[in-house]
Amino acid sequence: MKGLLFFLLVFPISLLAQKKDREIDERNFVQRLLGINNAQKWSHYDTTFIKDYSQDWTLRIFTANKFNQFAVFNKDREVDQSLLYEPTPSTNLGLGFNHNWLGVNASFNFPSSSNSHDLQTSMMDMQVNVYDVKLVGEFRLQRYQGYHVQHLGWEDWIKPTERALDVQLAYPNLTTSSFSGNLAYVFNWRKFSYRSSFIQTQRQLQSAGSWLAGATYFLSSIYNDGEGILGESSIHFPEMNFQKSLAIGAGLMGGYGYNLVIRRNFYTSLTFMLGPSYNYTNLEYLTEEPNAKEFRMGFCGVSRFSIGYNKANWFLGIHSALQWNAIFYEKTGLNSYNGSFRFVVGKRFDWKLKGRFFKIVGLD
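Below: a short report on this structure. (Residues numbered from 1 in each chain as written. Predicted model: local features only at pLDDT ≥ 70, side-chain atom pairs only at ≥ 80, totals over all residues. Heavy atoms only, no water.)

Some words on the environment of Arg 140
And then number 1: Here Arg 140 shows up in strand β7 (residues 135-151).
And then number 2: Residues Arg 140 and Gly 339, 199 residues apart in the sequence, show an inter-C-alpha distance of 8.4 Å.
And then number 3: For Arg 140, the residues in contact, after removing those within four places along its chain, are Met 126, Gln 127, Ser 178, Phe 179, Ser 180, Asn 182, Ala 321, Gln 323, Asn 338 and Gly 339.
And then number 4: In terms of polar contacts, Arg 140 uses its side chain to reach the side chain of Asn 338, at 3.2 Å. (Helix = DSSP H or I, 4+ residues; strand = E, 2+ residues; numbered from the N terminus. Contact = heavy atoms within 4.5 Å. Polar contact = N/O pair within 3.5 Å; in protein donor to acceptor, adjacent residues only side chain to side chain.)

Laid out in structure tokens, this is it:
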């Protein structure tokens, strides 16, 4: 009798639970196979904090600056020696859209953006941004040839010295290649939205923040054909005067992100994550000195910043994302930086796609 009573009580509850699960996940087989998700139906965020526009068409026009820089520095702070290597600045004009789970951006370089520089940097820079409800990150494949070098010592900003002449040096054959990325989990995803600040498929209605935890990786090489990377620089960095380097590393990070909303439409977003990294490096010199093949500890980090105006049907903003990794040697260190900076203006449209195909793939 007790078993029958238990069955009569539990069985209806289990049916209701299964029905609720079916209502939550209404995806068809193709959508499950491709991992297509609908933020509005299945994320269950707090609607008092986040307004979703993923069902609309979000169109944008933007200008973008992408970069891949590195720096060598002396660990002794009393010795004011640091060199920053950076490509010729380049500005891209782009168009993009988001609808449901799909988002695409394409940009093209302004031919006249670098005409004022004697050194022309050739570049291939592909970036993929991930701004999911619970996950956020960037993945980059970059190759740059042609770098300027400048001294970063505080003395040279106050009173120019002989080392400040390094600003004028250029390395047309200096080439960097890198494959890097990072991914982090957003703990307070029900109230904190990255999409509202960086792709504008949502809108943050109230200020909110979230702790973040994630990982980063990078594979990079630096090569200067025929000479060491210091070239004619007056700074003495024997440990760093390599012709070719290879660095492979990974790290764990933790941090915090916060979206500040002012009068419902003005916003600013700031994220910072930091953690240790473990790296393998191989430095090849021009001299008969043997290659330096070592495992080294370091620090890795990711920061993001956005500020703008986000309304129900249009938006504008400034977005930036930076990933960096520092590797420490005996007396010196090697920092690498890559990221992007964008100015965006966009508008949302309530367009509908009709047809069986668009319904199957979740774009109706």
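Observations concerning the packing of aromatic side chains
And then number 1: Tallied over the full model, the rule gives 19 aromatic pairs.
And then number 2: Pairing Phe 266 with Tyr 309 gives two aromatic rings, centres 4.7 Å apart and planes at 65°, and the pair type is edge-to-face. Taken together, the positions of Phe 266 in strand β12 (residues 266-284) and Tyr 309 in strand β13 (residues 292-310) put the pair 43 residues apart, joining distant regions of the chain.
And then number 3: For Phe 266, a relative accessible area of 44% translates into the label partly exposed. (Phe/Tyr/Trp six-rings, centres within 6.5 Å; stacked < 30°, edge-to-face > 60°. Buried < 20%, exposed > 50% of the residue type's maximum accessible area, 1.4 Å probe, protein only.)

A look at the pairing of β7
And then number 1: Most of β7 is tucked away, with 12 of its 17 residues classed as buried.
And then number 2: Taken together, the 5 bridges between strand β3 (residues 82-87) and β7 define a ladder with antiparallel strand orientation. Bridging across to β7, Tyr 85 finds its partner in Val 149.
And then number 3: Sheet topology places strand β6 (residues 122-131) next to β7; 10 bridges connect them, and they run antiparallel. Across the sheet, residue Met 126 finds its bridge partner in β7, namely Leu 141.
And then number 4: Once β6 ends, the chain turns through 3 residues before running back antiparallel as β7.
And then number 5: Both β7 and strand β8 (residues 170-186) contribute to a ladder of 13 bridges, which runs antiparallel. Bridge pairing links Tyr 147 to Tyr 171 in β8. (Pairing = 2+ DSSP bridges.)

What to know about empty space enclosed by the protein
And then number 1: Inspection of the entire model under this criterion finds 3 cavities of 30 Å³ or more.
And then number 2: Counted as a void, the largest cavity has a volume near 220 Å³.
And then number 3: Together, 21 residues line the largest cavity, and Asn 68, Phe 70, Phe 218, Ser 220 and Ser 336 are the ones closest to its centre.
And then number 4: Secondary-structure elements contributing two or more residues to the lining of the largest cavity are β2 (57-74), β8, β10 (208-224), β11 (244-262), β14 (314-328) and β15 (332-349). (1 Å grid on protein atoms, 1.4 Å probe; cavity = no way out; pocket = protein on both sides within 12 Å on 5 of 7 lines; lining within 4 Å. Points joined across faces, edges and corners; volume = space filled by probe spheres on them.)

Describing the pairing of strand β4 (residues 92-99)
The two faces of a sheet get side chains in turn, since along a regular strand they alternate between them.
And then number 1: Of the pairings in the sheet, the one linking β2 to β4 comprises 7 bridges and is antiparallel in character. Bridging across to β4, Ile 61 finds its partner in Leu 95.
And then number 2: Judged from the 8 bridges that link them, β4 and strand β5 (residues 102-109) form a sheet pairing that is antiparallel. If you follow Phe 97 over to β5, its bridge partner there is Val 104.
And then number 3: Adjacent in sequence and paired antiparallel, β4 and β5 are bridged by 2 residues, among which Asn 100 carries a positive phi angle near 50°.

So, unusual backbone geometry
And then number 1: With a phi close to 55°, Gln 200 is a non-glycine residue in the positive phi region.
And then number 2: Since its relative accessible area comes to 0%, Gln 200 is described here as buried.
And then number 3: At Arg 263, a residue that is not glycine, the phi angle is positive and equals roughly 55°.
And then number 4: Among the secondary structure elements, Arg 263 is positioned in the loop between β11 and β12.
And then number 5: The class for Arg 263 is exposed, based on a relative accessible area of 76%.

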